[in-house]
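# Analysis of the macromolecular model
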Amino acid sequence: MILLDDMDRRILRALVQDATQSASALGRKLGLSQPATWRRVKRLHDTGVIKGQRLDLDRERLGFGVAVFLGVKLATKGRVSLDDFERAVSAIPEVQSVEHILGVFDYRLRVVARDISDFERVLRRRIMTLPGVGDVEANVLLSEERRPGPIG
């Protein structure tokens, strides 16, 4: 764990809002010089606090109007390795994330589809045919609010 001061937290909050801003623009916003801002951001990258940057795509504008969280319980844990299941499910393009969890289900998947009938096709033809899949529970996402995370 790395200790963060108030300025580090302010930098992180600003980058969560817009990770494309330059060190110069970020520094102006926070009252720091460009070199000081750059050094702090570099340290946050180097220590692994900032793991990378990614695009936040609008799935609806791309034609994927439905997102579903799928709980998957493996039926035959002894016969199918977790690595094999993870590799197989990760190869399905509609599966956006694969999370190994503790609880009633073994995995939680985030699946996107064009509509409910497209989701049914993905579920029946791609996910339910994977080796080891047992019980499945689907929860359709109605709305989503993003939180910046635990940076204070």
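Predicted model, so just to flag it, every value in this text is computed and none were measured. (Residues numbered from 1 in each chain as written. Predicted model: local features only at pLDDT ≥ 70, side-chain atom pairs only at ≥ 80, totals over all residues. Heavy atoms only, no water.)

Each aromatic ring pair is described using two quantities: the centre-to-centre distance and the angle formed by the ring planes. Counted under the stated rule, the structure contains one aromatic pair. Residues F85 and Y107 carry aromatic rings whose centres are separated by 4.7 Å and whose planes lie at 45° to one another, so their mutual orientation is tilted. With F85 in helix α4 (residues 82-90) and Y107 in strand β3 (residues 107-113), this pair connects stretches of sequence that are 22 residues apart. Summarising the burial analysis for this pair, F85 and Y107 share the class buried. When the ring centre of F64 is taken as origin, the NZ or CZ atom of R114, which lies over that ring, is 4.5 Å away. (Phe/Tyr/Trp six-rings, centres within 6.5 Å; stacked < 30°, edge-to-face > 60°. Helix = DSSP H or I, 4+ residues; strand = E, 2+ residues; numbered from the N terminus. Buried < 20%, exposed > 50% of the residue type's maximum accessible area, 1.4 Å probe, protein only. Lys NZ or Arg CZ within 6 Å of the ring centre and 35° of its normal.)

Listed as buried for helix α5 (residues 116-127) are D118, F119, V122, L123 and I127. Seen from one end, α5 has its buried residues packed into an arc of 140°, which puts them on one side. For α5, exposure combined with an orientation more than 90 degrees from the buried face picks out R124 and R125. Structurally, α5 contributes buried residues whose contacts are with β1 (66-74), β2 (95-100), β3 and β4 (133-140). (Arc of directions from axis to C-beta. Contact = heavy atoms within 4.5 Å.)

For the rest of this paragraph, the subject is the sheet that holds β2. Pairing in this open sheet of four strands is antiparallel, and the strands run β2-β3-β1-β4 from one edge to the other. At either end of the open sheet lies a strand with only one pairing partner, and these are β2 and β4. Sheet twist, expressed as the mean angle between neighbouring strand axes with direction ignored, is 20°. Bridge analysis of β1 against β4 gives six bridges, and the strand direction is antiparallel. Within the sheet, the bridge partner assigned to V68 lies in β4 and is V140. Contacts between α4 and the sheet are confined to β1, β2, β3 and β4, with β2 contributing the most and set at about 165° to the helix. (Pairing = 2+ DSSP bridges. Axes fitted to C-alpha atoms, helices over the stretch in contact; angles between N-to-C directions.)

All right, on to the pattern of salt bridges then. Enumeration over the complete set of coordinates arrives at 13 salt bridges. When the shortest N-O distance is used, the salt bridge between D6 and R9 registers 4.0 Å. Of the two residues, D6 and R9 are both situated in helix α1 (residues 6-17); the distance of three residues between them amounts to about one turn of the helix. E94 is the partner of R126 in a salt bridge, and the nearest nitrogen-oxygen pair spans 2.5 Å. Taken together, the residues span a long stretch of sequence, with R126 in helix α5 and E94 in the loop between α4 and β2 at a distance of 32 residues. The network of salt bridges with shared partners includes D5, D8, R40 and R43. (Salt bridge = Lys/Arg side-chain N within 4 Å of Asp/Glu carboxyl O.)

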